Amino acid sequence: MIRLEPRLTPSRAMVWGTPALAVLATMIAGGILFAMLGKNPMEAIWTIFVDPILDPYSRDELFVKAAPLVLIAIGLSYGFRAGVWNIGAEGQFIVGAIAGSAVGLAFYGTEAIWLLPLMALAGMVAGTLWAMIPAFLKVRFNANEILVSLMLVYVADQLLRAMVAGPLRNPAGFNFPESRLFHDSAVLPLLQGFPGLTEYTRVHVGVLIALLLVPLAWLLLRKHLLGFNIQVMGSAPRAARFSGVKPAMIIYVCLGLSGAMAGLAGLFEVAGPAGQLVPALPQGYGFTAIIVAFLGRLNPLGILAAGLVMALTYIGGENAQLDLGLPRAAISVFQGMLLFFLLGLDILVRYRVRFGKRGAAQ
Amino acid sequence: MNTLLDISGLRKAYPGVVANDDVAFDIAPGEVHALLGENGAGKSTLVKMIYGLVQPDEGQMHLHGRPYAPTSPKDARAAGVSMVFQHFSLFEALSVRENIALGLDEAIAPRVLADRIRSVSKDYGLPLDPDRLIGDLSVGERQRVEIVRCLLQDPRLLIMDEPTSVLTPQEVNILFDTLRLLSKRGVAILYISHKLDEIRVLCDRATILRGGKVVATCIPRDETPRSLAEMMIGSTLADPPLRRAVPGRTLLKLTGLSLPTHDPFGVSLQGIDLTLHAGEVTGIAGVAGNGQDELVEVLSGEQLVEPGMIRLDNTPVGGLSPNRRRSLGLLTAPEERLGHAAAPDMSLTDNTMLTGRVRQRLSTQGFLKWNVASNFARAVIKQFDVRTPGVDTPARALSGGNLQKFVIGREVMQKPRVLVVNQPTWGVDAAAAASIRQSLRDLAAAGASVLVISQDLDELMEMSDQFAVIAGGKLSPTRPAGSISIEEIGRMMGGGDAA
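What you see is a predicted model, and the numbers here were worked out from it, not measured in a lab.

*Asks:* Go over the layout of surface pockets, please, and point to the residues and values.
*Replies:* As a volume, the second largest pocket reaches approximately 330 Å³. Taken together, Arg241, Gly244, Val245, Lys246 and Pro247 of chain A together with Gly301, Glu302, Gln303, Leu304, Ser321 and Pro322 of chain B make up the lining of the second largest pocket. Partitioned by chemical class, the residues of the lining of the second largest pocket number four nonpolar, four polar and three charged.

Following this line, the structure appears as structure tokens:
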């Protein structure tokens, strides 16, 4: 018989061991799933997890996909640590993209170095303000931030459609619902010639910024009072209040921070790979980032690794669709399984598994 | 003497600790049997095994001479074993009858049940109205609900876990009358407590546990409280030095402190006046749930009031945040160790940062100095003899007494001018309790003012220079220690009109 026995202290090894185990379990369960679909499981797993790393073009794309995931997940991780559940990063991502695009289009044709920073600022402010709606409603009326932030995703999506069909529509675009292509000053420079990247890389400055934000986020979390207060708030709210933390403040800061990061990621997406505002911009990064945040143990360094793994499933999944004819939904199921296994295996942090009976128990 | 319950060779181990080892004792029908021991001696584990909540690793139990191995409380109740827990499991928004119905193993028609509740409660001198809401009942009455719930099932053995810890002296007397009546009718009672006087008055025999083993069996009437305590801790007790302070200048002054509660089951503070002087220990007695928690939150700054209601050195501080108060020298140690005074899953270093940041300068420009914090945590651990593997251990992993020493030590070592502590020795073993009391006395002797809020009257009588009682959110005028009898305090604790 298998029994679970509580550990005296949570296992440090398991804190980082379970994400790896979860990836492994996902591969196995995914393999079974692919076998049932009539595909060679080994080949499918290889296509998804290994091929993208071997192929230099896919490797570049890995960074392009991982950057928004990492940015959003880092923002979300603060709130998740404090027990503030922002599920609407996708919406904040969209409004960030809209606001940044609007600034870029307002200065259409203006060649200036300050334009991109201004667009980034606009994206962050818009994302923050969008996240302030659930924050205010929670502080003022104790409205559930999960529901409010999630519902605002759909509002943001409609807003995007209205914008590309209306004010931000390309005047010379035959009424297609999309914006002008941004001019050069409003497009993120590519990191061509960077060691390790290909000649035609799509890796842009935003990826570099995401990478630089990782250690900063770690510093804020581990070395700064704000990070400490956020952790206490999530771990023991009453002790946090006793220590002088104001819960409303934490709610505003956490939602604001995650909104800003999601907004920035949105701007990077339009000003980077997309180069214009299109209705198909939202790819579900805001939702996938939730998985990334937990897979990375809400730790910025872990999130960086988790973001790359998740990007791998995106790119590998696309390759598998093309090469093996796997259905698109199979990849979504695959990503969902990852979160499922991670949450399930989390019990190993606090419990150890014992086999067999012992003594007169039971 | 015939035997109701016979236990032999009982053993139960948890990861890292053997809770019970080779425990053997027996209970006769109608006997009131005390189970004595410090916190962590294994009393709870033992009764949990008898009540079927946990199963022993080794050993046998016999009830009425037949093997008895309950796998659930339902089994135990069916065999005639009932238990009244220290912490009640009652729904405040439901009536007495509804609460009792929820805890019964069989369904009884509401009207029949109400009649049975009335007859049982009358029979045993435990007046109880089946239609009242639990939220409206006093703690003593709530306990009656739990007892009546057990009695309805006609038990042969009733286990009571620390039943008097929440009662006024008068309520204790009523409870004892009921227990004696039960015993006369042949119901055996297993009585867990560490209040030695009660055990000497009530119990026929006592089994003493230490470190999970039975170390002695005795007739409590033939022992002194001191000899019982020494059996419990396994060493001789030192008397605390007597000290009566000459009050110094006024440090903290509460004037007309009031705070209406928004919680339907909370207590409103009403017009509290209190003056604390330097070099003095002030005790506040009261039955739990009479405004103690609210008072501590107001003093810590978790709840803000009008600035002038609280003055520290004549500076109004009622509107200041917890950290502003800390920087001025007003520190608090709340009652609930896990989750309020300390964050359970965070390390001791983290928990030092929790309240020590301002006064110990553990941060600059918002950046935290973790090495200074862990040094301070180490100093607390050393000075207060906190048993822990190290400063990275999570607070949850410490035993109650050790964590309490850490929590009190953390505040004391910040050299407060006024220290407010709520239930400083609740659930703490005798040796740790003595050292905590000593450190608080030393703090006062060094010129600080200490406010001790406690439900343990003996502790307050031993420590305080002046004394007040809180009841229903109101505070009595302070009286010098020694000028007031236990009976008088008991009447005040019951709000002046206790049964």
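*Asks:* Break down the domain arrangement of chain B for me, citing the residues and quoting the values.
*Replies:* Residues and elements named next belong to chain B. Under the domain assignment used here, chain B contains domain 1 (5-233) and domain 2 (250-493). If you average the C-alpha positions of domain 1 and of domain 2, the two centres end up 32 Å apart. Facing 15 residues of domain 1, the contacting portion of domain 2 comprises 15 residues. With both chains or domains summed, domain 1 and domain 2 bury close to 1,100 Å², and 62% of this area falls on carbon and sulfur atoms. Between the two partners, domain 1 and domain 2, sit zero salt bridges. Inspection of the domain 1/domain 2 interface yields zero residue pairs in polar contact (both at pLDDT 80 or more). Looking at the side of domain 1 that touches domain 2, its residues break down into six nonpolar, seven polar and two charged.

*Asks:* So what about the packing of helix α4 (residues 56-82) of chain A against helix α8 (residues 205-223) of chain A? Which residues, and what values?
*Replies:* Residues and elements named next belong to chain A. Remark: α4 packs on α8, axes separated minimally by 9 Å, with the N-to-C direction vectors making an angle of 20 degrees. Between α4 and α8, the angle falls in the class roughly parallel. As for the relative orientation of α4 and α8, their crossing is left-handed in sense. Across the interface between the two elements, Phe63, Val64, Ala67, Val70, Leu71, Ile74, Tyr78 and Arg81 from α4 touch Val207, Ala210, Leu213, Val214, Ala217, Leu220, Leu221 and Arg222 from α8. Classifying every residue of the contact of α4 with α8 by side-chain character gives 14 nonpolar, no polar and two charged.

*Asks:* Lay out the interface of chain A and chain B in plain terms, naming residues and giving numbers.
*Replies:* It is common to report an interface's size as the accessible area lost on association of the parts. With 24 residues of chain A at the contact, the number on the chain B side is 36 residues. Where chain A abuts chain B, roughly 2,600 Å² becomes buried across the two surfaces, and 60% of that area is made up of carbon and sulfur atoms. Taken together, the connections running from chain A to chain B amount to three salt bridges. A salt bridge links Glu297 of chain B to Arg238 of chain A; the shortest N-O distance between them is 3.1 Å. Summed over the shared surface of chain A and chain B, the result is 11 residue pairs in polar contact (both at pLDDT 80 or more). Sorting the residues of the side of chain A that touches chain B by element identifies β1 (2-6), α8, α9 (225-235) and α10 (237-243) of chain A as the ones contributing at least two each. Of the residues that constitute the side of chain A that touches chain B, the class distribution is 10 nonpolar, seven polar and seven charged.

*Asks:* How would you summarise helix α5 (residues 89-106) of chain A if you had to cite specific residues and measurements?
*Replies:* The terminal C-alpha atoms of α5 of chain A lie 25 Å apart, and with 18 residues this matches the ideal 26 Å at 1.5 Å per residue to within 8%. Buried residues dominate α5 of chain A, accounting for 16 of its 18 residues.

*Asks:* Mind laying out the side chain of Ser58 of chain A, listing which residues take part and the relevant values?
*Replies:* Inspection of the secondary structure puts Ser58 of chain A in helix α4. Filtering out sequence-adjacent residues up to four positions away, Ser58 of chain A remains in contact with Pro52, Ile315 and Asn319 of chain A.

*Asks:* Got a sec to walk through the confidence of the model for chain B? Specific residues and values, please.
*Replies:* Per-residue confidence for chain B gives a mean pLDDT of 87, with 95% of residues at or over 70. Scored by ipTM, the complex comes to 0.84, with pTM at 0.77.

*Asks:* Hey, could you go over unusual backbone geometry for me, with residue numbers and the actual values?
*Replies:* Despite not being glycine, Leu298 of chain A shows a phi value in the positive range, around 55 degrees. Summarising the element assignment, Leu298 of chain A is placed in the loop between α12 (285-295) and α13 (300-324).

*Asks:* So what about the environment of Leu259 of chain B? Which residues, and what values?
*Replies:* Position of Leu259 of chain B among the secondary structure elements: in strand β11 (residues 250-259). Among residues more than four places away in sequence, those in contact with Leu259 of chain B are Ser268, Leu269, Val298, Gln303, Leu304 and Val305 of chain B.

*Asks:* Break down the packing of aromatic side chains for me, citing the residues and quoting the values.
*Replies:* All names here are of chain A. Tallied over the full model, the rule gives 13 aromatic pairs over all chains. Residues Phe107 and Trp114 carry aromatic rings whose centres are separated by 5.3 Å and whose planes lie at 85 degrees to one another, so their mutual orientation is edge-to-face. On the accessibility criterion, Phe107 (30% relative accessible area) is partly exposed. With relative accessibility at 43%, the residue Trp114 sits in the partly exposed group. On the basis of an interplanar angle of 90 degrees and a centroid distance of 6.4 Å, the ring pair of Phe136 and Phe141 is categorised as edge-to-face. Using a relative accessible area of 40% as the deciding quantity, one classes Phe136 as partly exposed.

*Asks:* Lay out the pairing of strand β1 (residues 5-14) of chain B with the relevant residues and their values.
*Replies:* All names here are of chain B. The pairing of β1 with strand β2 (residues 17-27) spans seven bridges and is classified as antiparallel. Paired with Leu5 across the strands is Ile27, a residue of β2. Examined bridge by bridge, β1 and strand β4 (residues 58-63) share five bridges and lie antiparallel to one another. Paired with Ile7 across the strands is Met61, a residue of β4.

*Asks:* Which residues make up the nonpolar core, and what values do they have?
*Replies:* Inside soluble globular proteins, nonpolar side chains tend to come together where they are buried. All names here are of chain A. Counting 115 residues, the largest nonpolar core has Phe34, Leu71, Ile72, Ile74, Met119 and Leu277 as the members making the most contacts within it. Here this core gets 14 residues from one element, more than from any other, and that element is α4. Setting aside its immediate chain neighbours within four residues, Leu71 contacts Ala210, Leu213, Met261, Leu264, Ala265 and Phe268.

*Asks:* Requested: an account of empty space enclosed by the protein, with residues and values cited.
*Replies:* Residue and element names in this part refer to chain B. Within the structure shown, the criterion is met by four cavities of 30 Å³ or more. In this model, the largest cavity occupies a volume close to 80 Å³. Lining the largest cavity, in full, are Leu126, Gly140, Glu141, Gln143, Arg144, Ile147, Leu167, Glu171, Ile174 and Leu175. Every element with two or more residues in the lining of the largest cavity is listed here: α5 (139-151) and α6 (169-184). When grouped by side-chain class, the residues that make up the lining of the largest cavity number five nonpolar, two polar and three charged.

Definitions and cut-offs
Residues numbered from 1 in each chain as written. Chains lettered and ligands numbered in written order. Predicted model: local features only at pLDDT ≥ 70, side-chain atom pairs only at ≥ 80, totals over all residues. Heavy atoms only, no water. 1 Å grid on protein atoms, 1.4 Å probe; cavity = no way out; pocket = protein on both sides within 12 Å on 5 of 7 lines; lining within 4 Å. Points joined across faces, edges and corners; volume = space filled by probe spheres on them. Nonpolar A, V, L, I, M, F, W, Y, C, P; charged D, E, K, R; others polar. Domains from an automatic or database assignment. Contact = heavy atoms within 4.5 Å. Buried area = accessible area lost by both parts, 1.4 Å probe. Salt bridge = Lys/Arg side-chain N within 4 Å of Asp/Glu carboxyl O. Polar contact = N/O pair within 3.5 Å; in protein donor to acceptor, adjacent residues only side chain to side chain. Axes fitted to C-alpha atoms, helices over the stretch in contact; angles between N-to-C directions. Helix = DSSP H or I, 4+ residues; strand = E, 2+ residues; numbered from the N terminus. Parallel < 35°, antiparallel > 145°, perpendicular 65-115°, else oblique. Left-handed = near helix turned anticlockwise from the far one by under 90°. Expected span 1.5 Å × (residues − 1). Buried < 20%, exposed > 50% of the residue type's maximum accessible area, 1.4 Å probe, protein only. pLDDT = per-residue confidence, 0-100. Phe/Tyr/Trp six-rings, centres within 6.5 Å; stacked < 30°, edge-to-face > 60°. Pairing = 2+ DSSP bridges. Core = buried A, V, L, I, M, F, W, Y, C linked by side-chain atoms within 4.5 Å.

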